[in-house]
Amino acid sequence: MATKTTGKKATAKKPAATKAKTVAAKTVKPKNTSVSAVKKTAAKKVPAKKVAVKKTTAKNEAVKKAPVKKASVKKARVKKAPVKNVKVKKTAAKSASKPSKTTKKISGYGAGDVNVVMSVDQVAKEAANIASKGPSKSDLDKLAKNDAFFQIEDLRAGYGKMEILHNFSMRVGQGQSLCLIGPNGAGKSTVLHSIFGFTNIFSGKITINGCDVTSLKPSEKLSTAGIAYILQDKSVFPQMTVEENLLMGGFLKGRPAEAKAAAELVFDKYSRLADRRNKPAGVLSGGERRLLEISRALVMNPEVLLVDEPSIGLEPRFIDMVFEILYDLQKTDGKTIIMVEQNAKKGLDFADIGYVLVSGETALADNGRKLLQNPDVGRLFLGG
Ligand SMILES: Nc1ncnc2c1ncn2[C@@H]1O[C@H](COP(=O)(O)OP(=O)(O)O)[C@@H](O)[C@H]1O
Ligand SMILES: [Mg+2]
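Basis of the calculations
Residues numbered from 1 in each chain as written. Chains lettered and ligands numbered in written order. Predicted model: local features only at pLDDT ≥ 70, side-chain atom pairs only at ≥ 80, totals over all residues. Heavy atoms only, no water. Phe/Tyr/Trp six-rings, centres within 6.5 Å; stacked < 30°, edge-to-face > 60°. Helix = DSSP H or I, 4+ residues; strand = E, 2+ residues; numbered from the N terminus. Buried < 20%, exposed > 50% of the residue type's maximum accessible area, 1.4 Å probe, protein only. Lys NZ or Arg CZ within 6 Å of the ring centre and 35° of its normal. Near = heavy atom within 4 Å. Polar contact = N/O pair within 3.5 Å; in protein donor to acceptor, adjacent residues only side chain to side chain. Nonpolar A, V, L, I, M, F, W, Y, C, P; charged D, E, K, R; others polar. Pairing = 2+ DSSP bridges. Axes fitted to C-alpha atoms, helices over the stretch in contact; angles between N-to-C directions. Contact = heavy atoms within 4.5 Å. Salt bridge = Lys/Arg side-chain N within 4 Å of Asp/Glu carboxyl O.

**Q** Sorry if this is basic, but what is going on with the packing of aromatic side chains here?
**A** Each pair of aromatic rings is reported with the distance of its centres and the angle of its planes. Under the counting rule described, the total for this entry stands at five aromatic pairs. Between Phe168 and Tyr355 the ring centres are 6.5 Å apart and the planes differ by 65°, which places this aromatic pair in the edge-to-face class. One end of the pair, Phe168, is in strand 2 (residues 162-173); the other, Tyr355, is in strand 9 (residues 353-358), and 187 residues separate them in sequence. When sorted by exposure, Phe168 lands in the same class as Tyr355, which is buried. For Lys346, the ring lying beneath its charged end belongs to Phe323, and the centroid distance is 5.7 Å.

This is the structure in structure tokens:
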């Protein structure tokens, strides 16, 4: 169902196009799956002044940035109608008095020049449609330059008896980086969990340099297979100093002397950590803590590094620093990196290879930057 807004009144002071955008942003509900409708009458009440639509991603962001002050207005406008597709048309775009029916231009997942706001359900549905024509194994081989160092073959894995990944395959060359993007719940973290040994693997195979590492326990993954997993957030020990936290990586692998030397290199590079090396890690800001977690990978010295959403919750300067460390790990130290990144633009711009995961299957795979240019990716994940 699509409900139009005409917004005649507001056009006296502000262009109706902008006003309609506000309405679109506000109708995205925090609990994404249901759908909103916009009432004609309520739309008229929106003061033109309050127009503010930011380029954000998806349901959450759009909702967060929508002005919350006018709760009463919002209530009046947002219905709980159980409709499938949210389609709030950008009405009266050019002329308020003549609402246009021809401006239906789809854009989505929150940001950009949004004319139609898609529900998360809709994004998943469209992405699943694209997934039905997923890449072949030879496409995946090519992206890894036909020389895969890390390989997943037809993996079926999940939690308990529930299968989340269905015949999932991946190839990454040595020293390459791969970024997984996709809707929430697609199974991106489950791919990393499976590689590290946190899931039930029903069938399929994971190999590094030809060695089967499928059934190694998490505790053996780093020492035996050289796989390190940077968890989201919770891996810093607050009572230990920054330096001790860094060294943990080395002790895990049982080489304290090498760890010490690697830690010195980290401190040489990142003064922000060096200045705080003897302070308890608990005093670090969120961004500094993330730097510590990621730079610990330099000390662990793994072959393959798994990173789940390195930029989540960080302000831009820290996001840049985090990607700088990852760049160093890949380009200077030759590490193979497999990451999940909600910030599709950052992740795909960084990675040699990008996979779009939908419902436990790969929908699209390409060179990271090419994927960034792909209109389907733009439309569904970048809001363009
Ligand atoms: N520990 C777990 N136990 C059971 N189900 C889980 C667990 N972790 C994730 N899931 C389920 O697996 C699916 C994929 O989750 P996840 O891999 O975290 O998605 P993504 O990282 O793409 O957002 C979701 O349906 C989620 O609810
Ligand atoms: Mg995840």
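**Q** What is the right way to read the site of ligand 1 from this model?
**A** Around ligand 1, the neighbouring residues are Tyr159, Met162, Ile164, Pro183, Asn184, Gly185, Ala186, Gly187, Lys188, Ser189 and Thr190. Measuring from an oxygen atom of ligand 1, one finds a backbone N or O atom of Gly185 at 2.8 Å. For ligand 1, an oxygen atom lies 2.5 Å from a polar atom in the side chain of Thr190. Among the elements of the structure, strand 2 and helix 7 (188-196) are those that each provide at least two residues to the shell around ligand 1. Looking at the shell around ligand 1, its residues break down into five nonpolar, five polar and one charged.

**Q** Even after reading the chapter, I still don't get the sheet that holds strand 10 (residues 361-367), so can you show me in this structure?
**A** As a general point, the strands of a sheet are linked pairwise by backbone hydrogen bonds and lie either parallel or antiparallel. A sheet is described by the order of its strands in space; here six strands give the open sequence 6-7-8-3-9-10, paired in mixed fashion. Edge positions in the sheet fall to strand 6 (227-230) and strand 10, since each of these pairs with one other strand and no more. If you compare each strand with its neighbour and ignore which way they point, the axes differ by 15° on average. Relative to strand 7 (residues 304-308), strand 6 runs parallel, the two sharing four bridges. Each bridged residue has a counterpart across the sheet, and for Ala228 the counterpart in strand 7 is Leu305. Across the sheet, helix 13 (residues 316-332) is in contact with strand 3 (177-181), strand 7 and strand 8 (336-340); its angle to strand 8 comes to roughly 150°.

**Q** Whenever I open this one, the pattern of salt bridges confuses me. Can you help?
**A** If the charged atoms of two oppositely charged side chains come close together, the side chains can form a pair. Summed over the entire model, instances satisfying the criterion amount to 15 salt bridges. Salt-bridge contacts for Lys137 lead to Asp154; the nearest nitrogen and oxygen are separated by 2.9 Å. With Lys137 in helix 6 (residues 137-143) and Asp154 in strand 1 (residues 148-159), this residue pair connects regions lying 17 residues apart in the sequence. With a relative accessible area of 31%, Lys137 lands in the partly exposed category. Residue Asp154 is classed as partly exposed on the basis of its relative accessible area of 28%. Asp141 is paired through a salt bridge with Arg171; the nearest N and O atoms lie 2.8 Å apart. Of this pair, Asp141 sits in helix 6 while Arg171 sits in strand 2; the two residues are 30 residues apart in sequence, bridging distant segments of the chain. Because the salt bridges share partners, they merge into one network encompassing Lys137, Asp141, Glu153, Asp154 and Arg171.

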